[in-house]
Amino acid sequence: MAGEDRRSVDLAFLHPAIRQSVQTIQRQLHSEGHPFEIFEAFRSPHRQAYLYAQGRTRPGNIVTKAQPWMSYHQYGLAVDFVLKINGQWDWSDSGPSAAAWKRLHEVGRAQNMEPLSWETPHLQMAGLRIGDLHAGHFPPGGDASWAENLESAIAGWSGSPVPPPAPPSVSRPPLAAGAVAEMMTLSDIDRPASAAMASTAPGHFSRIQPFIEKWEGGYTNHPADRGGPTNMGITLETLRAWRHNDALTAEDVKQLSIDEARRIFKARYYDIVRGDDLPLQVAAPVYNAAVLHGPGRSAEFLQNSLIRCGAQVAVDRIIGPDTIRAVGSVDTQRLCKAFLDIEDAYFRSLREFPVFGAGWLNRLNDMRRFVASLSAEPIVVATGATTVPVQSQTQPNLTEIVAKIEELLELFGQKPNLPGAASGQAAQADALSRMSQVVEVLRQLGIVVPPVAPGTTAPAPLTPVNAALGTTLGNLLDGRKSAIGIIGSVLTALLGAAAPSAGGAPGAAGGRMSILSTLGVAVPYLQPIMLGLTAWGALGKLDKWRVGVPAPQASRPG
């Protein structure tokens, strides 16, 4: 993560007036064989103060003439290019490299970027004056990522000189009056968060942050990890930058509080990738990737994913209005899959993959599951300034369903001499008794809504069709007969195909095969019962329509 004193190469923090120019300069130089890379883009006033002190109040050579807010870097209007040869920065601007530096300045001027005579790597937007910038007169066309970063730098500065006025805020348009009127208050179903989390985590952040914390874990200092001492994902370098204190040690990292870690996560990752402007299912993998790879690369993953999904978007490593609009134009689940597939390929390309790859892929696969769980929460309702996810009703898992189906089979398989054991009213009573047990099992599966509890609204009066067998059974089966009949018909049809023939030996296999054998004989008798229930349910609905009795609630299958 990047604190205020850390060098930044993120183009999202540059003003749009130079962003494209910087990319064009780099591409042109690379095409000519000059290996210039961006060494620094936006520079915080804290880092400017730190560099200004070098050679003056702390050891080292003087590296800048500018105090805080006196450099174009603080306004996102300057960038430093440096040669990178064989993986090493090369600052030499004489000898064989002189021509390359000269070419840098030529290409820069062609893109309206002027160099400084005393600082060879530096290019800044031409035609501006530092006094105007410090007075708050910024170039037009500033976007949200530039403005919000500059606002954050201004708000966090308490030194000298005073900061400039904040740029005009980039805010969302107000909701239409009709939309506001339709909002629901769902505080009783909001997921509770700790006080510390709530104080630093509006929007989707509090929903996603537990996943981040689970995987970042506690304190580590792995020799192969370039981050060095790390706690909850916060490295020693990051903590030093965040607190503006180079004297911090690994022990300070160990003592880091979770509340401070959350503030760092939100300010330096979540907010930069515009988490609250993305759908929850998309914000989760994008934020997670920002923590792992940096906000710029996460934005690159998202933009390439959008292109895979057919959207037209530039890959500029900046999540701005165009990218957000494109996210809304594609299928969310397809976009998330494309994003995670791209991240998977990136993990495998890293040289540390043999050491950390298993852990990275475990986290990636867990994110796939997490996104799938978020996809099962389709309703999101705004209540004031809070986004409240509506929890979907818990559904039984596959194991529970299989167990209940086995219970259904046993209800019809445990009685010996099923058909022909009784006739007339006895057979009818036995069938209805077993059907009431079926209803109970279906209710446990969530297929049938539980009966009205005592003290609640009384059920609607029964129609003649439903009351034919009395009030108890009529109320028991009211609104449920069609579902029971259809499900039972399917089960008996399947049993007819799966069970041994009537002439076989039903008890030979024992256990479930014995049940299936017995049911194979019962299929001709069960099937009419189930179809009869289906027809009975249909007649009941016609009867209700005729007499005007309200139908069961939509959540109850009839």
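## Description of the packing of aromatic side chains
Phase 1: Inspection of every chain in the model, using the stated rule, returns 16 aromatic pairs.
Phase 2: Centre to centre, the rings of phenylalanine 347 and tryptophan 360 are 5.3 Å apart; their planes meet at 20 degrees, and the pair counts as stacked. Residue phenylalanine 347 is located in helix α15 (residues 332-349), and its partner tryptophan 360 is located in helix α16 (residues 353-375); the two are separated by 13 residues in the primary sequence.
Phase 3: By relative accessible area, which is 2% here, phenylalanine 347 ends up buried.
Phase 4: When the ring centre of tyrosine 50 is taken as reference, the NZ or CZ atom of arginine 58 above it lies at 3.6 Å.
Phase 5: Between the NZ or CZ atom of lysine 84 and the centre of the ring of tryptophan 89, over which it lies, the distance is 4.6 Å.

## Considerations on the nonpolar core
Phase 1: In this structure, Tyr287, Leu302 and Leu306 are the most contacted members of the largest nonpolar core, which totals 57 residues.
Phase 2: Every element with two or more residues in this core is listed here: α8 (205-216), α9 (236-243), α11 (258-270), α12 (280-293), α13 (295-308), α14 (321-327), α15 and α16.
Phase 3: Counting residues in each nonpolar core, the second largest holds 39 residues, with Trp69, Val82, Ala147 and Ile272 among its members.

## Here's the deal with the pattern of salt bridges
Phase 1: For the structure shown, the criterion picks out 20 salt bridges.
Phase 2: Where glutamate 32 meets arginine 103, a salt bridge forms, and the shortest distance between an N and an O atom there is 2.7 Å. Taken as a pair, glutamate 32 in the loop between α1 (16-31) and β1 (36-40) and arginine 103 in helix α3 (residues 98-110) lie far apart in primary sequence, 71 residues in all.
Phase 3: For glutamate 32, a relative accessible area of 31% translates into the label partly exposed.
Phase 4: A salt bridge links lysine 266 to aspartate 271; its shortest N-O distance comes to 2.9 Å.

## Focus on the confidence of the model for the protein chain
Phase 1: In the predicted model, the protein chain carries a mean pLDDT of 74, and 59% of its residues have values of at least 70.
Phase 2: Segment residues 378-399 is flagged for pLDDT under 50; beyond a separation of four residues in sequence, or across chains, it makes 34 contacts in the model.
Phase 3: Counted against residues more than four places away or in other chains, residues 499-513, with its pLDDT under 50, gives 15 contacts.

## Details of the environment of asparagine 245
Phase 1: For asparagine 245, the position within the fold is in the loop between α9 and α10 (250-254).
Phase 2: The exposure class assigned to asparagine 245 is partly exposed, which follows from its relative accessible area of 32%.
Phase 3: A polar contact is formed between the side chain of asparagine 245 and the backbone nitrogen of alanine 247, at a distance of 2.9 Å.

Analysis parameters
- Residues numbered from 1 in each chain as written.
- Predicted model: local features only at pLDDT ≥ 70, side-chain atom pairs only at ≥ 80, totals over all residues.
- Heavy atoms only, no water.
- Phe/Tyr/Trp six-rings, centres within 6.5 Å; stacked < 30°, edge-to-face > 60°.
- Helix = DSSP H or I, 4+ residues; strand = E, 2+ residues; numbered from the N terminus.
- Buried < 20%, exposed > 50% of the residue type's maximum accessible area, 1.4 Å probe, protein only.
- Lys NZ or Arg CZ within 6 Å of the ring centre and 35° of its normal.
- Core = buried A, V, L, I, M, F, W, Y, C linked by side-chain atoms within 4.5 Å.
- Salt bridge = Lys/Arg side-chain N within 4 Å of Asp/Glu carboxyl O.
- pLDDT = per-residue confidence, 0-100.
- Contact = heavy atoms within 4.5 Å.
- Polar contact = N/O pair within 3.5 Å; in protein donor to acceptor, adjacent residues only side chain to side chain.

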